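Analysis of the macromolecular model
Spelled out from the first residue to the last, the chains are:
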Amino acid sequence: MRTSEIHRRWLDFFAKKQHEVVPSASLVSNDPSILFTIAGMVPFIPYIVGTEKAPHARAVSVQKCIRTNDIENVGRTTRHGTFFQMAGNFSFGDYFKRGAIDFSWELLTTSQDEGGFGFDPEALWFTLWEQDEESYQHVTEVIGLDPSRVVRLPWEESCWDTGQPGPAGSTGEWHVDRGPEYGPDAPSGRVPEWPGTPDAEDRYIEIWNLVFDQFLRGEGKGKDYPLLGELDQKSIDTGLGVERVAYLLQGKANMYEIDQVFPVIEKAQELSGRVYGADAEDDVRLRIVGDHVRSALMLVSDGVRPGNEGRGYVLRRLIRRAVRSMRLLGHTDPAMPALLPVSKAAMVESYPELEADFPRISDIVTSEEEAFRRTLESGTAIFDQLVGDVRAGGGRSLPGDDAFRLHDTYGFPIDLTVEMAAEAGLAVDEDAFRSAMSEQRERARADAAAKKTGHTDTAIYNRLLSRRGEDVPFLGYTESSVATTVESVLVGGALVNSADAPADVELVLAATPFYAEAGGQLADQGRVAVAGGGIVEIDDVQKPVRGLIVHRGRLVEGSVAQGTEAVATIDQDRRGAIARAHTATHMVHQSLREELGEGATQAGSENSPGRMRFDFRYGQGVPRSALEQIEGRVNTLLQDELAVTDQQMPIDEARALGAQALFGEKYGDIVRVVSIGGDWSRELCGGTHVDSTGAIGSVQLMGESSIGSGVRRVDALVGLSAYRFQAKEHALVSQLSEMLKVGASEDLPERVASMTQRMKDMEKQLAALRGQQLQAEAGKLAEQTVDVSGIRLLAHDAGEGIAAGDLRTLALDLRTRLGEDAPVVLALTGHEDGRAALVVATNAGARDQGLAAGSLLRTGAEAMGGRGGGKPDLAQGGGGEPARIPEALSAVRGALAEAIRA
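Calculation rules
- Residues numbered from 1 in each chain as written.
- Predicted model: local features only at pLDDT ≥ 70, side-chain atom pairs only at ≥ 80, totals over all residues.
- Heavy atoms only, no water.
- Buried < 20%, exposed > 50% of the residue type's maximum accessible area, 1.4 Å probe, protein only.
- Helix = DSSP H or I, 4+ residues; strand = E, 2+ residues; numbered from the N terminus.
- Contact = heavy atoms within 4.5 Å.
- Axes fitted to C-alpha atoms, helices over the stretch in contact; angles between N-to-C directions.
- Parallel < 35°, antiparallel > 145°, perpendicular 65-115°, else oblique.
- Left-handed = near helix turned anticlockwise from the far one by under 90°.
- Nonpolar A, V, L, I, M, F, W, Y, C, P; charged D, E, K, R; others polar.
- Patch = residues over 30% accessible without salt bridge, like charges linked within 9 Å, V, L, I, M, F, W, Y side chains within 5 Å.
- Areas by Shrake-Rupley, 256 points an atom, 1.4 Å probe, with all protein chains shown as cover.
- Salt bridge = Lys/Arg side-chain N within 4 Å of Asp/Glu carboxyl O.
- Pairing = 2+ DSSP bridges.
- Core = buried A, V, L, I, M, F, W, Y, C linked by side-chain atoms within 4.5 Å.
- Phe/Tyr/Trp six-rings, centres within 6.5 Å; stacked < 30°, edge-to-face > 60°.
- Lys NZ or Arg CZ within 6 Å of the ring centre and 35° of its normal.

1. Digging into helix α4 (residues 133–143)
Taken as a whole, α4 has its buried residues at Ser135, Tyr136, His138, Val139, Thr140 and Ile143. On the buried face of α4, the contacting elements are α3 (97–109), β4 (124–129), β5 (150–153) and β8 (204–217). Count one or two residues on from α4 and you reach glycine 144, which has phi positive near 90 degrees.

2. Overview of the packing of helix α8 (residues 280–301) against helix α9 (residues 310–328)
One can describe the packing of α8 onto α9 by two numbers: an axis separation of 8 Å at closest approach and a directional angle of 150 degrees. Here α8 is positioned roughly antiparallel relative to α9, judged by the angle of their axes. Crossing geometry of α8 relative to α9 is assigned as left-handed. Taking contact as the criterion, the partners of Arg285, Ile288, Val289, His292, Val293, Ser295, Ala296, Leu299 and Val300 in α8 are, on α9, Leu315, Leu318, Ile319, Arg321, Ala322, Ser325, Met326 and Leu328. Its residues assigned to classes, the contact of α8 with α9 comprises 12 nonpolar, three polar and two charged.

3. Brief notes about a nonpolar patch on the surface
A contiguous nonpolar surface patch, about 270 Å² in accessible area, is contributed by Leu732, Leu736 and Met739. Relative accessible area serves as the criterion here: at 56%, methionine 739 is assigned to the exposed category.

4. Brief notes about the sheet that holds strand β25 (residues 681–684)
One open sheet holds the three strands; their spatial order is β23-β24-β25, and the pairing between them is antiparallel. In this open sheet, the two edge strands, each paired with only one partner strand, are β23 (644–650) and β25. Between one strand and the next, the sheet's axes are offset by a mean angle of 25 degrees, whatever the strand orientation. Note that strand β24 (residues 670–676) and β25 share four bridges and pair antiparallel. Residue pairing across strands places valine 674 opposite glutamate 683, the latter belonging to β25.

5. Looking at the sheet that holds strand β32 (residues 867–870)
Strand pairing within a sheet occurs via backbone hydrogen bonds; the two strands may be parallel or antiparallel. Pairing is mixed in the open sheet, where six strands are placed in the order β28-β29-β30-β31-β33-β32. Bordering the open sheet on either side are β28 (786–788) and β32, each of which pairs with just one other strand. This sheet shows a mean twist of 20 degrees between the axes of neighbouring strands, independent of strand direction. Where strand β31 (residues 835–842) lies against strand β33 (residues 874–880), six bridges are found, and the strand directions are antiparallel. From the neighbouring strand, valine 840 faces β33, where its bridge partner is alanine 875. Where helix α21 (residues 804–818) meets the sheet, its contacts fall on β29 (791–800), β30 (824–832), β31 and β33, and the angle it forms with β30 comes to roughly 155 degrees. Across the sheet, helix α24 (residues 885–901) lies against β28, β29, β30 and β31, angled at about 170 degrees from β29, the strand it touches most.

6. Some words on the nonpolar core
Among the nonpolar cores identified, the biggest contains 108 residues, and Trp10, Phe119, Trp174, Ile207 and Trp208 are the most heavily contacted of them. Of all hydrophobic cores here, the second largest spans 32 residues; its members include Ile630, Leu637, Leu638 and Cys685.

7. Describing the side chain of histidine 831
The residue histidine 831 is located in strand β30 in this model. Excluding residues within four positions of it along the chain, histidine 831 makes contact with Gly799, Glu800, Gly801, Ile802, Ala836, Pro882 and Ile885.

8. Observations regarding the packing of helix α7 (residues 262–272) against α8
The geometry of a pair of packed helices is captured by two quantities: the angle between their axes and the separation between those axes. Look at α7 against α8: their axes get within 8 Å of each other, and the N-to-C directions meet at 130 degrees. Accordingly, the angle class assigned to the pair α7 and α8 is oblique. Seen along the crossing, α7 lies across α8 with a hand that is right-handed. Contact residues: Val264, Ile265, Ala268 and Gln269 in α7; Leu286, Arg287, Val289, Gly290 and Val293 in α8. Split by residue class, the contact of α7 with α8 holds six nonpolar, two polar and one charged.

9. Quick notes on unusual backbone geometry
A cis amide bond links alanine 501 to the next residue, proline 502, at an omega of -5 degrees. Following the sequence through the fold, proline 502 ends up in the loop between β14 (498–500) and β15 (503–509). In the Ramachandran plot, serine 789 falls in the positive-phi region, its phi being about 50 degrees despite a non-glycine side chain. With respect to the secondary-structure elements, serine 789 resides in the loop between β28 and β29.

10. As for the packing of aromatic side chains
This structure, assessed with the given rule, holds 24 aromatic pairs. Ring centres of phenylalanine 474 and tyrosine 477 lie 5.0 Å apart, and the angle between their planes is 80 degrees; on these two criteria the pair is classed as edge-to-face. An aromatic cluster of three or more residues is present, and its members are Trp10, Phe13, Phe14, Tyr95, Phe103 and Trp208. One Lys or Arg, arginine 178, reaches over the ring of tyrosine 182 and ends 3.9 Å from the middle of that ring. In this structure, arginine 672 packs its charged tip against the face of tyrosine 477, placed 3.8 Å from the ring centre.

11. What about the environment of alanine 897?
Relative to the assigned elements, alanine 897 resides in helix α24. The exposure class of alanine 897 is partly exposed, given its relative accessible area of 23%. Sequence separation between alanine 897 and valine 300 is 597 residues; the distance between their C-alpha atoms is 54 Å.

12. Structural notes on the pairing of β32
Note that β32 and β33 share four bridges and pair antiparallel. Its bridge partner lying in β33, glycine 869 is registered against glutamine 876. In this antiparallel pair of consecutive strands, β32 and β33, the connection spans three residues.

13. Description of the pattern of salt bridges
Oppositely charged side chains may form a pair once their charged atoms are brought near each other. Evaluation of the coordinates by the stated rule reveals 44 salt bridges. Residue lysine 64 pairs with aspartate 302 through a salt bridge whose shortest N-O separation is 3.1 Å. Of this pair, lysine 64 sits in strand β2 (residues 58–66) while aspartate 302 sits in the loop between α8 and α9, placing them 238 residues apart in sequence. Among the residues examined, lysine 64 registers a relative accessible area of 5% and is labelled buried. Ionic pairing is found between glutamate 355 and lysine 344, a salt bridge with its closest N-O pair at 3.1 Å. Of this pair, glutamate 355 sits in helix α11 (residues 353–392) while lysine 344 sits in helix α10 (residues 336–347), and the two are 11 residues apart along the sequence. For glutamate 355, a relative accessible area of 44% corresponds to the partly exposed category. For lysine 344, a relative accessible area of 13% translates into the label buried. One network of salt bridges, in which partners are shared, links Glu5, Arg8, Arg9 and Asp12.

Shown next as structure tokens:
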């Protein structure tokens, strides 16, 4: 059975069981605590934990997922893959344990001719929580599964929770016994996967996990926490591994040999000349290629671009591991242009959108491969230098910190470093490398833990929303002041009946004109005047849960109480400035697309009073001429007084009209479409805007820059802020024209260019004079060497105004004067513009005794707070503090003495 057929049968089966078919969410998760969608239930977490009301009682999906926490095991086991598809069926307050078990048994055991998967009932095992009597009785008495194939497990081995106080539940898991040829029989009452042995794990394959969200868990660490009681609304979420089912039904040994992965392995065989199944290490590399090429294809399809952080770094690592594996297989030419189309052909039946998007995907992935090939070239040069240092020092092993620097700074994979070191007759201190990697991971984990903000406790806000029974009406599109009622008052996150000034409070109003921060638009500010004299200055407005608007501010006078009448009034000047910026953002977006092409799509924005920031996907810098065209286009349209309108419509209708949506944003079935000039610009947007473009006044683009791989940022001033900037620029130009005695401002560039050229000519003259001065001093310096255990050392600080280039020239001159026979080491320092420089040189006599300039320099550079490197005969560093130059020279002397003793 083809993988795409498993996909189709899953959706068809549950659709017939009254489940709403939900399309796969993006691999880019909306959850801030995780980079990617890592499980089928991730898009449904708000419904499970109760932050949002589920739109359907039953749902089914086949979710695209990415996990890279076990990336080192990819290719080495039957179970580890980075991209995979998780089929899931979900119930929110509808059926529970018995229904979930019945559905799973029916689909697994129904014959393929009748639309099921056709597994042999005698090959199925079920694991469950040892205290879950309801599931045990249903599986054994109603389903009729032999009790010997039902395994009871302790809570810590059979539970699910969010990692924080909230919903939790036990699980029931279906396993398939592949037979004795894959491992030993299970001991009585226990599948060998717990605690687990490699051979047994290949025999008993978990394919379907049923999670029974039943309890409310309390505080605790790991799986050690109390169960506080049962949830009011119990839920079911399940996950079936599509790839695992595929290799079982296709009679394959592992997931890499299924129809959606193996074609890439076949192409890799063709390119490399290696044969799958002939060599264990080659097989691992071929599986890595098959897995990672598919993952890269799907990640780029969902908008991820290679980068140095977060999702981009994960994608970059996957592409580089695939390219690296092809290199280790003997294929050194570009591989992605041949492999990627094969993966697309294997996946397009399940994901038809890959066909139209493939040119963009291919361009991004092949460009990254080309960049990595250049990285390998530069890394090889650094590697050769490090090998030279080791040999010059008489060593036989590349230090682990050097191997880690190659990996961390230059993207050089450790196994490639090991391979090349072996070719050079050297070992690699892999223990030290792993130690450095471990330290980096610990730092990364600590950083991630500090930044993790997912699944905060929103229970109180959910109760408030549930109590009112509907969303809080937002009237701010047409009203700036609204007579309303204070429905709830919170102080310090706790619900109170009333509060007295001064106090920081949160208010929920019956209706509001205040816009809650969303979609890049900052929140409104203003005040709430409470009957009886209470005044609350509103500083921020948020939606902690969908549908509830919470006003955060300072009670500065009187008191505020639940049920009190009030008048909520926004700061109209601030709202107007933000609205102008927001409409300008839409106009800049459309103008960018007209100038740069349809690929320049929005990646984020911020609309604040008088200023806008727009992030967009584009693979290269935007020329100044293009920015001028965009700015001119926008300002021309401002004068045309284009109407700005909004309309509510079904999302499919909006897309049919060409309305642009922000990638990764979550939209409902009914959306608000903001149009400028009829059909010139259309975007899905919930923000506030001006009525016509003429109200904006002026837009001044301040420039553009890169904020990550493939993502650019444009900053602009809007309205009065733009006018003030232009007036200031005009005054500055007038002042410069007067200072430089230029009659007309258009002559100013020519005058500045002339002055700049004169300064460059003078700097050349000064450099020549410095060189002559240093050369004159070289003769005297050559006589100032000191003897260090038979080595002539000259450690000299040339002082201020001496750059690294001057020091190199001086070092080469002195080395020539001192000759090559008697061992000589030169350490010269200087500083310019607050930056210290250090140059270390050795002659042939010193290098014959194992003294390498690069090793000595690193010690000195670190001592002054800088860094650097070079060859055994000449090395250069800098970036440190001039005040620490004496420490640097002293460190070089110490390193020299230590090297001589060694």
